[in-house]
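This is what each chain is made of:
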Amino acid sequence: QLQLVESGGGLVQPGGSLRLSCAASGLTVNSDAMGWFRQAPGKDREGVSCISSLGGTNYADSVKGRFTISRDNAKNTVYLQMNSLKPEDTAVYYCAARSFSSCVLFRTGSHFDSWGQGTQVTVSS
């Protein structure tokens with residue numbers, strides 16, 4: 001059974017760092033594109049980052065230079081390293097698996113068919 005389980009969220013001060021993990025079962029993280037999304041209260045879901053099956057990465061402009069997506073094929077896990085965190089990064093972060101290999105137009109969320117339960121990230125002093 002396909003399952004994505006996020007972890008690593010928490011409360012951090014502005015300027016701090018967190019690393020989110022997405023442990024996958026029932027799929028192989030390097031077989032298709034994997035993405036990270038977030039949703040803040042009262043706001044639409046936002047595509048944050050994506051890694052393609054070939055390892056190419058894409059980022060939302062709001063996180064470029066601060067966030068890094070990666071994966072460990074042996075652990076079947078995808079990560080999101082978040083540095084220089086800002087209060088506006090506060091949201092529930094979700095991991096998702098796409099039904100094909102590319103990250104094209106990932107921010108729309110299209111063709112991401114499997115989602116984790118989310119992990120809360122709060123950036124506050």
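Residues numbered from 1 in each chain as written. Predicted model: local features only at pLDDT ≥ 70, side-chain atom pairs only at ≥ 80, totals over all residues. Heavy atoms only, no water.

1. Quick notes on the sheet that holds strand β7 (residues 67-72)
What counts here: For two strands to be treated as a pair, DSSP must find no fewer than two bridges joining them. Under the scheme used here, helices are H or I runs from DSSP no shorter than 4 residues and strands are E runs no shorter than 2 residues, and both carry numbers assigned from the N terminus. Angular values range over 0 to 180 degrees, each being the angle between N-to-C directions of two axes fitted as lines to C-alpha atoms, with helices fitted over their stretch in contact.
Pairing is antiparallel in the open sheet, where four strands are placed in the order β1-β3-β8-β7. Whereas interior strands pair on both sides, the edge strands pair on one side only; in this sheet they are β1 (3-7) and β7. Strand-to-strand twist across the sheet, computed as the mean angle between neighbouring axes with direction ignored, equals 15 degrees. Relative to strand β8 (residues 77-82), β7 is paired through six bridges, and the arrangement is antiparallel. Following the sheet pairing, Ile 69 is matched in β8 by Leu 80.

2. Some points on the nonpolar core
As a reminder, the rule being used: In these notes, a set of buried Ala, Val, Leu, Ile, Met, Phe, Trp, Tyr and Cys residues joined through side-chain atoms within 4.5 Å is what counts as a nonpolar core. Each residue's exposure class comes from its accessible area (1.4 Å probe, protein chains only) as a fraction of the maximum for that residue type: buried when under 20%, exposed when over 50%, partly exposed otherwise. By definition in these notes, contact holds between two residues if any of their heavy atoms fall within 4.5 Å.
Judged by nonpolar contacts, the single largest core of 28 residues is most densely connected at Met 34, Trp 36, Leu 80, Met 82 and Tyr 93. Of all the elements in the fold, those that place two or more residues in this core are β3 (18-25), β4 (34-39), β5 (46-51), β7, β8, β9 (91-98) and β11 (119-123). Once residues within four sequence positions are removed from consideration, Met 82 is found in contact with Gly 16, Ser 17, Leu 18, Leu 20, Arg 66, Phe 67, Tyr 93 and Val 121. Listed in part, the seven residues of the second largest apolar core include Ala 33, Phe 37, Cys 50 and Phe 106.

3. Observations concerning the pairing of β3
Judged from the five bridges that link them, β1 and β3 form a sheet pairing that is antiparallel. Counterpart to Glu 6 in the pairing with β3 is Cys 22.

4. Description of the state of the cysteines
Rule in force here: Note that a disulfide, as used here, is simply two cysteine sulfur atoms within 2.5 Å.
Applying the stated criterion to the full structure yields two disulfides. The partner cysteine of Cys 22 in its disulfide is Cys 95, sulfur to sulfur 2.0 Å. Its S-S torsion of approximately -75 degrees makes the covalent link between Cys 22 and Cys 95 left-handed. Here the residue Cys 22 occupies a position in strand β3, and Cys 95 occupies one in strand β9, the gap between them amounting to 73 residues. Like Cys 22, the residue Cys 95 is buried in the burial classification. Here Cys 50 connects covalently by a disulfide to Cys 103, the sulfurs 2.0 Å from one another. Across the disulfide from Cys 50 to Cys 103, rotation about the S-S bond amounts to roughly -80 degrees, and the bridge is consequently left-handed. Of this pair, Cys 50 sits in strand β5 while Cys 103 sits in the loop between β9 and β10 (112-115); the two residues are 53 residues apart in sequence, bridging distant segments of the chain. Among the residues examined, Cys 50 registers a relative accessible area of 0% and is labelled buried. The class for Cys 103 is buried, based on a relative accessible area of 6%.

5. Considering the side chain of Arg 38
Defined as follows: Think of a polar contact as two N or O atoms within 3.5 Å of one another; within protein, one of them needs to be a possible hydrogen donor and the other a possible acceptor, and neighboring residues in sequence only count if both atoms come from side chains.
Its location among the elements puts Arg 38 in strand β4. Owing to a relative accessible area of 6%, Arg 38 belongs among the buried residues under this scheme. A distance of 3.5 Å separates a polar atom in the side chain of Arg 38 from a polar atom in the side chain of Ser 62.

6. Section: the pattern of salt bridges
Keep this limit in mind: We count a salt bridge whenever a side-chain nitrogen from Lys or Arg sits within 4 Å of a carboxyl oxygen from Asp or Glu.
In this structure the tally under the stated criterion is five salt bridges. The salt bridge involving Lys 64 is made with Asp 61; its shortest N-O contact spans 3.2 Å. By relative accessible area, which is 61% here, Asp 61 ends up exposed. Between Arg 66 and Asp 89 there is a salt bridge, and its shortest N-O distance comes to 2.7 Å. Here the residue Arg 66 occupies a position in the loop between β6 (57-59) and β7, and Asp 89 occupies one in the loop between β8 and β9, the gap between them amounting to 23 residues. With relative accessibility at 1%, the residue Asp 89 sits in the buried group.

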